[in-house]
Every structure is written in C-alpha cells, then in structure tokens.
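# Coordinate inspection notes
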Amino acid sequence: MKREKYESNRLTTKLTQLRERNEKALVLFLTAGYPKLDSTVPLVLELAQAGADIIELGIPFSDPLADGPVIQASSQQAIKNGITLEYILGQVKEIRKHTNIPLVLMGYLNPILHYGEEKFFADARKSGIDGIILPEVPLEETDRFLSFTRKHHLADILLVSPATTDKRIREIDEVSSGFLYCVSTTGVTGRSNIGDIESYVKRVKRHAKKNPVLVGFGIKTPTDAQRIAQHADGVIIGSALIQKITQVGTATEIGDWVRQLKNAI
Amino acid sequence: MIGVEAAGCGLNTQKHAATLSKGTPGVLHGSFSYLLQDKNGQVELAHSISAGLDYPGVGPEHSALKDLGRVKYVSITDTQALEAASMVAQLEGIIPALESAHAFAHLDKLMPTTSKKDIVVVNLSGRGDKDMMTYASQNLEGKSVK
C-alpha cells in the first residue's frame, strides 16, 4: 500500500521541544461530554493553562473494552448527556480558537464507522486534531486506517503492553507516529496498582527507537508519575483525573493537581 | 437451513436479541457483524431469557450466511422457547438448553409446511441443566403437552 509520509504537526513539534528541554510530557485524558455535555471546552482550557502538554479526548462508546470502571462510567454519563462524534469535533474547533495544545482523539471503531471512515479522519484533522488512538485495532489491521491518517496528516498512536514481544514492539514503533502508547499493565485503565514496571518500560525504550514512549493506565499520583517519568518520555493520566473532576469539580483544585503532576515529572 | 434467533419479549419491543433480523453492520468486541445499535453506533442492550443469546451482536459466520442467503433467519420469543423446552422434556425425556429450545419452538411453524417425505433435523446444541433455575422459576410444573 502506498503510504504518504506522516507530516509533523503540533504533536510532534511539542514532543521535540520537550525532548530538547529535557522535559517529560504530561498527557491528560478526558472523556468528551463529561461531566456535562459542555464541560469539555472549559476543562481542556483549564488543563492546558495548568501545564498539561497534550490532551487526549476520549470518544464515549457504549462498550469501551480497554477502559476500567471510572472511564466506563464517565462514558455512560457522556452518552446520556447526548454526546456524539459530530458534537465532539465541534468542541475541538471551539478549543482551537483558544489554544494550540496538541489534541489526540481516542476512540473505538463502531462510532467511527458510523460517522464514515475517511470522513472521520478528514473532519478530525480539519477541526484541529493532531493524532488518533484506536485501541481496538491490532497492528495487522492498521493498514486500512494508515492510508487515511497519513493522507490527513494525523499521528498514528499505536499501543504496546507487557505482553508485546520485543520484535513486535519494534514493528509497532515503526508504524507509529507521534508517540508510542506504552500500556503499563495487562488490563484495563484505572487499576489501583501499577506494580513493578521499570524493567518493562526499559525494555520498550530499548526496542522503540523511533518514537517517544509515553506510559499510561493506572498512573494516579504525582509520585507514580515521577517514578515512571524516570524511564519514559512522559505519562498519560486519565481515570485519576476523571475521579478528581467527579469528586472536587472546582477548576482551581484540578489546576493545582495538574501543576503538582507536571512539577513531579 | 434455518437459524432461530431470540425474539425475547417480541421483535416490536426494545427487549429482544434478534441481531440478524433487526441489526445493522458494526464492530463490537473485535468482530464485524450485525449489531443492535443506535444511529450513532452506540451498542444497545439485548434481551433474551436465554443467557447464551442475550447479546447485541452475533457471530460473523452467521452474518455472512445471512448475506449469502444460505440460511433463513427467523425468531422465537421467550415464552415460545419455554413452552418448547417443556414439550421436549415431556415427549423425549430430554431437557434442552434454552438456546436450543428456540430451535424446537420453530417446529410449530415449520412442520405444517413440510411433507411426509421431508426429513427435518434439529440441532440440539446444549443441555438444560444450566437452565434449571430459569425453568423452575417459570412454574411449568403441571402444564402438559396439548
């Protein structure tokens, strides 16, 4: 298959800048349309202001098989709130009027197929998205999407897990662009204990020569983030942030926590 | 060949699992097949008294057989399946699984359309030991075959 070369965008520019400054990336994950349908734009702006480097927006799906209870519940609520893919892309356009923070979309296939496959990637790019994460799609099935993402200059962020072999890490790294999503455990998001993952992250770093390696799943505190950032190029935090948003809700408190996270790494 | 789906409380209600009759193509749990879903691609809840059929998707093989026209898919409600299970128990001494009971229930509709020379084979795919709690709660005792 003919693949157009992936062209750098806000995401790669940001990650290059961070590497040059010897800084680690803080990626924050939000479920779009949670807690209220229209919470997303102000929340993203608040997180960007507080020091997030990259925002990952989750497209809510009825059956989010990579997600734990916290993100599942937030997805259910967002669907009840009336979120749709069209609405999310509208929110992205609104965010883009105010900030240049790199934005990555994470989604399950079915809503994307319903929206229209190529139309989704074209519209995502037009609205201001920089990269795509499709956790359901294994390496063997990525070709069909790569032609769209490359045509529309979106980063393809593929995932590796502790079960991924060295050879496969190299293959996934080769196909990926933007960054490599290093899943901390064999399980779903938001698990309580990240355990001893240093040797695993080191192994991924050893084999993934092309992309920055960012670790996600189960990172809950500034201490967790600090531990992992010693070996990785950045951390991705989702469930813990959504829990904070659900529990405290005030912008100042969330902003303070984000600053702590950024300072810790 | 005929395939029998779970109509649950009826195909005209929201409570059924008739993915091949009522679903549209989509991806769930890694398979591209017929799915019960809304216009945004959110998967809907299925319902069937039979746990094995209570699923909003269906095997891709069935989806392919439907599209090929190789299998005709029909559906049977919870009540019809329970009655058929009782019938098979009384006539054959076999307690069928609730899933298979759907296939037996379709005989009521199918047999009048066949001739004496036709041979009809029913796939009794599972046993009913696992469904005893459901059968017991349905108070089928004392109801005998017409």
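Residues numbered from 1 in each chain as written. Chains lettered and ligands numbered in written order. Predicted model: local features only at pLDDT ≥ 70, side-chain atom pairs only at ≥ 80, totals over all residues. Heavy atoms only, no water.

## With respect to the overall build of chain A
In plain terms, the rule: In this description a helix means any DSSP run of H or I spanning at least four residues, a strand means any run of E spanning at least two, and both kinds are numbered starting from the N terminus. Computation of the radius of gyration draws on C-alpha atoms, with the globule rule given as 2.2 Å multiplied by the number of residues to the power 0.38. Each residue is assigned to one of three classes by its accessible area relative to the maximum for its type, calculated with a 1.4 Å probe on protein chains only: buried under 20%, partly exposed between the two thresholds, exposed over 50%. A contact between two residues is defined here by any heavy atoms of the two lying within 4.5 Å. A 1.4 Å probe and the Shrake-Rupley method give the accessible areas. Residues count as covered only by the protein chains that appear here. In this charge count, Lys and Arg are treated as positive and Asp and Glu as negative; neither His nor the chain ends contribute. Think of each charge as sitting on NZ of Lys, CZ of Arg, CG of Asp or CD of Glu.
Helices and strands together make up the secondary structure of chain A, namely twelve helices and nine strands. Relative to its length of 265 residues, chain A is compact, with a C-alpha radius of gyration of 17 Å against a globular reference of 18 Å. Along the first, second and third principal axes, the C-alpha set of chain A runs to 45 × 40 × 35 Å. Counting every position in chain A, which comprises 265 residues, the buried fraction comes to 57%. Counting only contacts in chain A whose residues sit at least 6 apart along the sequence, the fraction spanning at least 24 positions is 74%. Of the accessible surface of chain A, which amounts to about 11,000 Å², a share of 49% is contributed by carbon and sulfur atoms. Considering chain A, the positive charge centre built from 34 side chains and the negative charge centre built from 31 side chains are found 3 Å apart.

## Concerning the overall build of chain B
Secondary structure summary: chain B contains five helices and four strands in total. If you list the helices and strands of chain B from N to C, you get β-α-β-β-α-β-α-α-α. In terms of C-alpha radius of gyration, chain B reaches 16 Å, essentially the compact-globule figure of 15 Å for 146 residues. Taking the principal axes of the C-alpha coordinates as reference, chain B spans close to 45 × 40 × 25 Å. Here chain B holds 146 residues, and the buried ones make up 40% of them. By element, 56% of the accessible surface of chain B is carried by carbon and sulfur atoms, the whole surface being about 8,600 Å². Between the centroid of the 13 positive side chains of chain B and the centroid of its 15 negative side chains there is a distance of 6 Å.

## Side note on empty space enclosed by the protein
Residues and elements named next belong to chain A. As a reminder of what qualifies: A cavity, in this analysis, means grid points on a 1 Å lattice covering only the protein atoms where a 1.4 Å probe fits yet has no way out; a pocket is instead an open set bounded by protein on both sides within 12 Å along at least five of seven lines, and a residue lines either one if it has an atom within 4 Å of a point. Grid points are joined across faces, edges and corners, and a volume is the space filled by probe spheres set on the points. Gly is put with the polar residues, along with every residue not named as nonpolar or charged; the nonpolar set is Ala, Val, Leu, Ile, Met, Phe, Trp, Tyr, Cys and Pro, and the charged set is Asp, Glu, Lys and Arg.
Going through the model one piece at a time under the given rule, you end up with two cavities of 30 Å³ or more. The volume enclosed by the largest cavity comes to roughly 200 Å³. For the lining of the largest cavity, the secondary structure elements donating two or more residues are β9 (234-237) and α11 (239-247). Partitioned by chemical class, the residues of the lining of the largest cavity number 14 nonpolar, five polar and three charged. Computed from the structure, the second largest cavity encloses a volume of approximately 30 Å³. Lining of the second largest cavity is provided by F29, T31, G58, I59, P60, F61, P64, D67, I71, S75, M106 and Y108. Elements with a minimum of two residues in the lining of the second largest cavity: β1 (25-31) and α3 (69-80). Grouping the amino acids of the lining of the second largest cavity by side-chain chemistry returns eight nonpolar, three polar and one charged.

## Description of the packing of α3(A) against α11(A)
Residues and elements named next belong to chain A. We apply this condition: Angles shown run from 0 to 180 degrees and are taken between the N-to-C directions of axes, each axis being a line fitted to C-alpha atoms and, for helices, limited to the stretch in contact. We call two directions roughly parallel when the angle between them is under 35 degrees, roughly antiparallel when it is over 145, roughly perpendicular when it lies between 65 and 115, and oblique otherwise. In this scheme, a crossing is called left-handed if the near helix is turned counterclockwise away from the far one by less than a right angle; it is called right-handed if the turn is clockwise.
Two elements in contact, α3 and α11, have axes separated by 9 Å at closest approach and are oriented at 55 degrees. For the element pair α3 / α11, the angle class is oblique. In terms of crossing hand, the pair formed by α3 and α11 is left-handed. Contact residues: α3 offers V70, I71 and S74, while α11 offers S239, I242 and Q243.

## Some points on the domain arrangement of chain B
Residues and elements named next belong to chain B. Stated formally: Start and end positions for the domains come from either an automated domain assignment or a database one. Buried area adds together the accessible area that both of two parts lose upon being put together, with accessible area traced by a 1.4 Å probe. Think of a salt bridge as a Lys or Arg side-chain nitrogen and an Asp or Glu carboxyl oxygen that are within 4 Å of each other. Under the rule applied, a polar contact is a pair of N or O atoms within 3.5 Å (in protein, one hydrogen donor and one hydrogen acceptor; residues adjacent in sequence only if both atoms are side-chain atoms).
When the domains of chain B are assigned, the result is domain 1 (2-73) and domain 2 (77-137). Here the C-alpha centre of domain 2 lies 21 Å away from the C-alpha centre of domain 1. The partner domain 2 presents ten residues to the 15 residues of domain 1 that form the contact. Both sides together, the interface formed by domain 1 and domain 2 hides about 940 Å², and carbon and sulfur atoms give 69% of it. Remark: the boundary between domain 1 and domain 2 carries zero salt bridges. Counting across the interface, domain 1 meets domain 2 through five residue pairs in polar contact (both at pLDDT 80 or more).

## Observations regarding the layout of surface pockets
Residue and element names in this part refer to chain B. Of the volumes computed, that of the largest pocket is approximately 840 Å³. Along the wall of the largest pocket there are 31 residues; nearest its centre are I2, G3, V4, H62 and A103. When residues of the lining of the largest pocket are traced back to their parent elements, those giving at least two are β1 (2-8), α1 (19-22), α2 (60-68) and α4 (98-110). Its residues assigned to classes, the lining of the largest pocket shows 18 nonpolar, eleven polar and two charged. Among the domains, domain 1 (2-73) and domain 2 (77-137) are the pair contributing at least three residues each to the lining of the largest pocket.

## A look at the pattern of salt bridges
Residue and element names in this part refer to chain A. Tallied over the entire structure, the rule returns 22 salt bridges over all chains. K262 is the salt-bridge partner of E23, the closest N and O atoms lying 3.2 Å from each other. Of this pair, E23 sits in the loop between α1 (10-20) and β1 while K262 sits in helix α12 (residues 251-264); the two residues are 239 residues apart in sequence, bridging distant segments of the chain. Since its relative accessible area comes to 30%, E23 is described here as partly exposed. Here E94 ties to K97 by a salt bridge, and the two come within 3.1 Å at their closest N and O atoms. Accessibility expressed as a relative area gives 30% for E94, which makes it partly exposed. Look at the salt bridges and you will find they share partners, linking K14, R21, E23, D53 and K262 into a network.

## Concerning the nonpolar core
The tendency in soluble globular proteins is for nonpolar side chains to be buried as a group. Residue and element names in this part refer to chain A. Counted only if it meets this: Definition used in this section: a nonpolar core is a set of buried Ala, Val, Leu, Ile, Met, Phe, Trp, Tyr and Cys residues joined via side-chain atoms within 4.5 Å.
Residues L28 and L105 are the most contacted members of the largest nonpolar core, which totals 93 residues. Looking at which element gives the most residues to this core, the answer is β1, with six residues. Leaving out residues up to four positions away in the same chain, L105 has contacts with L57, I59, I88, L89, F120, A124, I129, G131, I132 and I133.

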